[in-house]
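Remarks on the overall topology
Residue strings, one per chain:
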Amino acid sequence: MSAVSTPPVTPTPTPARRDAEASKAAILKAARHLLARHAHADITLKAVADRAGVSPPLILKYFGNKDTLFARVMSFETDAAALLAAPVEELGPHMVRHVLLSQTQQGADPLLRIVFAPLHGEQGDILRANFRTQVTDLLTARLSGPDAGLRAELAVAALLGLGVMYGIARGTEVRASTVDALVERYAPAVQAHLTP
């Protein structure tokens, strides 16, 4: 008698697990978006989760609680590292391009959340302190010559103005221009502040 062989059973594929880094990035992006539009006290984890397309327990798993999440959102360290990642002689064009590409490709400005610090009470003070130490003081330390602190603040102010016009006011002419055209026109003004 011959044995009847049964075909091998192919396991049913399990649903792909959500990429943890992508989920964390979506949560941080959602929290930044909400922080730029609402007072810290009014933002719920559910609102962040809904905007990020995740569940509130996933936020707790990755960040622990709302305070820890917003401590990350109120930090400029990672954004400042990318913003300042060029030699001083090329920093103006690099920073302008970085601000524009962050808005057009990632939907987030590396600096703009500082504009909303007055909405956030005590958390606004944290946001301002972080901005000062992690952005303007870091830029100041890279500049030589007189008035380095003033020049750093003016360069950052120019970037904030561009970010506001592009991302908040949504200037039609600015948004209709290419990134290259905007860098060519705007970067010399930023670079002028960086040069003694």
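Use the structure listed above.
Calculation rules
- Residues numbered from 1 in each chain as written.
- Predicted model: local features only at pLDDT ≥ 70, side-chain atom pairs only at ≥ 80, totals over all residues.
- Heavy atoms only, no water.
- Core = buried A, V, L, I, M, F, W, Y, C linked by side-chain atoms within 4.5 Å.
- Buried < 20%, exposed > 50% of the residue type's maximum accessible area, 1.4 Å probe, protein only.
- Helix = DSSP H or I, 4+ residues; strand = E, 2+ residues; numbered from the N terminus.
- Contact = heavy atoms within 4.5 Å.
- Salt bridge = Lys/Arg side-chain N within 4 Å of Asp/Glu carboxyl O.
- Axes fitted to C-alpha atoms, helices over the stretch in contact; angles between N-to-C directions.
- Parallel < 35°, antiparallel > 145°, perpendicular 65-115°, else oblique.
- Left-handed = near helix turned anticlockwise from the far one by under 90°.
- Nonpolar A, V, L, I, M, F, W, Y, C, P; charged D, E, K, R; others polar.

**Some remarks on the nonpolar core**
Among the nonpolar cores identified, the biggest contains 55 residues, and V48, I59, L69, F70 and L139 are the most heavily contacted of them. The dominant element in this core, judged by the number of residues it contributes, is helix α8 (residues 148–168), at 9 residues. Dropping the residues within four chain positions of it, I59 is found in contact with I27, L45, V48, A49, V54, G64 and L69.

**Describing the pattern of salt bridges**
Inspection of the entire model under this criterion finds 6 salt bridges. Measuring nitrogen to oxygen at the nearest pair gives 2.9 Å for the salt bridge that ties D50 to K46. One end of the pair, D50, and the other, K46, are both in helix α2 (residues 45–52), 4 residues apart, so they sit about a helical turn from each other. Of the two residues examined, D50 and K46, each falls in the exposed class. Within the structure, one salt-bridge network assembled from shared partners comprises R32, D79 and R113.

**Remarks on the packing of helix α1 (residues 20–35) against α2**
Where α1 meets α2, the closest approach of the two axes is 8 Å, and the angle between their N-to-C directions is 120°. The angle between α1 and α2 falls in the class oblique. Between α1 and α2 lies a crossing whose hand is right-handed. Along the contact surface, α1 presents A26, I27, A30, A31, H33 and L34, while α2 presents A47, V48, R51 and A52. Among the residues making up the contact of α1 with α2, the classes are represented as 8 nonpolar, 1 polar and 1 charged.

**Observations concerning helix α6 (residues 91–106)**
Regarding α6, the residues found buried are L91, G92, M95, V96, H98, V99, L100, S102 and Q103. On its buried face, α6 sits against α5 (77–83), α7 (121–142), α8 and α10 (179–194). Downstream of α6 by one or two residues, G107 has phi in the positive range, about 70°.

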